[in-house]
Amino acid sequence: MLIGGILVITRRNPVHSALALIVTLLAQASIYLMLYAPFVAGVQIILYAGGIMVLFLFVIMLVSIDCSIRERQLNRQWLVGMIAAAALGGSLISAFVKGRNMFPEHALPIVESDNTQNLATMLYGQYMFAFEIASLLLLVAIIGAVVMAKKKI
Amino acid sequence: MNQFVHYVQSYLSSNQTPGAAGNMFWALVYILLVFAGLSAAVIAMNWLERKILAHMQVRLGPMRVGPHGLLQPIADALKLLLKEDIMPAEADGFIFWIAPLVVVLAAFTVFVVVPFGPTHAITDMNIGILFMLGVSSLSVLGIVMAGWASNSHYPLIGALRSSAQMVSYEVAMGFAVVSAILMTSLNATGTGTLSMIGIVQAQQAQGEWFIFKFFPIGLIAFFIFAVAMVAETNRAPFDLAEAESELTAGFHTEYSGFRWSLFFLAEYSAMIAVSSIAVTLWLGGWLRPFPNALHGASWDMIFSFFPGATFLLFAVACFYNAVRMPKHPLFRIQTIGLAAFGAVLAAAGLLLFIPAVSSRVQDIFWFSSKVAAFMYLYIWYRGTFPRYRFDQLMQMGWKVLLPMGLGILILTASVALLQQRIWHQ
């Protein structure tokens, strides 16, 4: 996953970057698998790697890449950027190390086979309102895109 | 050495798939078997397609290469291997090289969860059907990469069209699949399953194949999936991407020789994969016809004769055609070859009559014969329907199949809820 992430930002060719992003997303799906969440991993592959990245590639391929290939990949402030990223990473690591006692020592018994059922029960039971709001948000986004792209309404 | 033998034998007494039992050796054996079987199926499909299409068009098809063209696929494979391997000058080398690999990987990895029997799968994941849909959607990426890497206009347009078509029909496929999954939850505990083996066992427990459930809802869901799966694999009548390769170009224009054969292999494997999904979800997987209506030991025995009888039927057809061969000295080798092939088929048929073999292989036979029926349907569609124009194609995917899928999902859920309420009141 780290290699994929680094390749995304360092490649000149945006198509190569998109493919490295696909590798990163597949690695993330495997991390979900290691966290005993097979349903989330499967949905990640279907939607992210198989759907969203295809649309990314569409747009990248339809836009000429000659300009972006000739650009510099890392601008002049890369040292400051590295220091900032290291500071962020350091603060996250220290939060995890110092706050380790806050996490339960033996977490909830994670049963891999019930991931789909538990997710469905929570999503359509406890968090139903949030689910509906999220779908409404997607609907508004689709309507906005169609309105912007149509020639005549 | 003793430990290894014990490791190998410990699986034989369990009744799980090798993946679930954690047995690496048998998992590898199953993987090799599936790979070999799939390759043989693709080769057979090549021959069958040309012969069946020819017979539908009142001509003979390949007749020269072997007896009745049986060695034609081998000749095709040799030709493809010996062809010059061209890479366009300005093409993106790495992506050009990796695109066929991605498509083949996606098409073959799907078969890890395909259930040939209750324990005859490489593994049985809890998210089996989700895994199959996800990995088969990765082949779209390979096609996009192939069109891009060729660095010429026609492949790019062909690849974009083909991938747009595949992504659109994935949505309709998803709706049909969800309707079928919903039907697995109509049991005592009220929880369904996403695992492929679990879906077939749900059909067995509920006593009817899901294609007949809540008639005609199951049938319409099956129909939506059947149309979407033909569009998903870029086959006729939705083969604008392929047919562009007959007319002008397609995403695999710049690929020659072995690279093209990888695309071809991946296409036929994807066809078999989505047919396996359809068979598992709607047609009862490995169950023999009428598992509940005609049950009992005598019916089991009668149905257990089917595998052997099928092979014997093929053998009889071979012998009949061998007798009908022209009586010319130049045809002697072909006649002998056909008769030998018939003898091999007859031997296999007789082998399948032994109860010990038959009881193990029966599930695989029923599953394979249902998938073979789907393959025949694929070829039939190619010979019958005219091609869809691209805008008609996209219109059908989004404006017809998607609302239909949504409606079927809502109907399935409501009818299932009504059934639960009425029965468990």
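1. What to know about the overall build of chain B
Piece 1. Along its length, chain B carries 17 helices and zero strands.
Piece 2. Its C-alpha radius of gyration of 23 Å places chain B within 12% of the 22 Å reference for a compact globule of 425 residues.
Piece 3. For chain B, the spread of C-alpha atoms along the three principal axes comes to 70 × 55 × 50 Å.
Piece 4. For chain B, the proportion of its 425 residues judged to be buried stands at 43%.
Piece 5. Put simply, of all contacts in chain B between residues at least 6 apart along the chain, 76% involve residues at least 24 apart.

2. Digging into the overall build of chain A
Piece 1. Looking only at helices and strands, one finds seven helices and zero strands in chain A.
Piece 2. Across the 153 residues that make up chain A, the buried fraction comes to 14%.
Piece 3. The contacts of chain A with a sequence gap of at least 6 include a subset with a gap of at least 24, amounting to 52%.

3. Brief notes about the domain arrangement of chain A
For interface size, the figure often reported is the accessible area lost on association.
Piece 1. Domain parsing of chain A yields domain 1 (1–70) and domain 2 (114–153).
Piece 2. Just the C-alpha atoms count here: the centres of domain 1 of chain A and domain 2 of chain A sit 23 Å apart.

4. Let's talk about the interface of chain A and chain B
Piece 1. Taken together, the contact pairs 20 residues of chain A with 20 residues of chain B.
Piece 2. Sorting the residues of the side of chain A that touches chain B by element identifies helix H2 (14–34), helix H3 (38–62) and helix H6 (115–126) of chain A as the ones contributing at least two each.
Piece 3. Among the elements that make up the side of chain A that touches chain B, the one with the highest residue count is H3(A) (14 residues).
Piece 4. Residues of the side of chain A that touches chain B, tallied by class, amount to 13 nonpolar, six polar and one charged.

5. Here we look at the environment of B:Phe319
Residue and element names in this part refer to chain B.
Piece 1. Along the chain, Phe-319 falls in helix H14 (residues 306–324).
Piece 2. Each C-alpha atom, one on Phe-319 and one on Gly-342, is 5.9 Å from the other, the two residues being 23 residues apart in sequence.
Piece 3. Contacts of Phe-319, omitting those with residues within four sequence positions, involve Ala-339 and Gly-342.

6. Let's talk about unusual backbone geometry
All names here are of chain B.
Piece 1. For the peptide bond that leads from Phe-215 to Pro-216, omega is 5°, which places it in the cis range.
Piece 2. Positive phi is not limited to glycine here, since Val-58 has a value of about 55°.
Piece 3. Counting through the fold element by element, Val-58 comes out in the loop between helix H3 (24–56) and helix H4 (72–82).
Piece 4. Of note in this structure, Phe-214 is not a glycine but carries a positive phi near 45°.
Piece 5. For Phe-214, the location among the structural elements is in the loop between helix H9 (196–206) and helix H10 (217–232).

7. Some remarks on helix H8 (residues 153–184) of chain B
Helical geometry note: an α-helix holds 3.6 residues per turn, so side chains three or four residues apart project in the same direction.
Piece 1. Along its 32 residues, H8(B) runs 47 Å from first to last C-alpha, staying within 8% of the 46 Å computed at 1.5 Å per residue.
Piece 2. The element H8(B) is largely enclosed, with a buried count of 24 among its 32 residues.

8. As for the confidence of the model for chain B
Residue and element names in this part refer to chain B.
Piece 1. Mean pLDDT over chain B works out to 86, with 98% of the residues at or above the 70 mark.
Piece 2. By mean pLDDT, the top-scoring element of chain B is H10 (93), and the lowest-scoring one is helix H11 (residues 240–247) (67).
Piece 3. This prediction of the complex comes with two scores: 0.88 for pTM and 0.82 for ipTM.

9. Points about the domain arrangement of chain B
Residue and element names in this part refer to chain B.
Piece 1. Taken domain by domain, chain B holds domain 1 (24–77) and domain 2 (83–305 + 353–423).
Piece 2. Distance from the C-alpha centre of domain 1 to the C-alpha centre of domain 2: 20 Å.
Piece 3. Between domain 1 and domain 2, the residue contacts involve 14 residues of the former and 13 residues of the latter.

10. Notes on the confidence of the model for chain A
Piece 1. Per-residue pLDDT for chain A has a mean of 83; in total, 86% of the residues score no lower than 70.
Piece 2. For chain A, helix H4 (residues 66–70) of chain A is the element with the lowest average pLDDT, namely 69, and helix H7 (residues 128–149) of chain A is the one with the highest, namely 92.

Definitions and cut-offs
- Residues numbered from 1 in each chain as written.
- Chains lettered and ligands numbered in written order.
- Predicted model: local features only at pLDDT ≥ 70, side-chain atom pairs only at ≥ 80, totals over all residues.
- Helix = DSSP H or I, 4+ residues; strand = E, 2+ residues; numbered from the N terminus.
- Rg over C-alpha atoms; globule rule 2.2 N^0.38 Å.
- Buried ≥ 20, exposed ≤ 12 C-beta atoms within 10 Å, placed from the backbone.
- Contact = placed C-beta atoms within 7 Å.
- Domains from an automatic or database assignment.
- Nonpolar A, V, L, I, M, F, W, Y, C, P; charged D, E, K, R; others polar.
- Expected span 1.5 Å × (residues − 1).
- pLDDT = per-residue confidence, 0-100.

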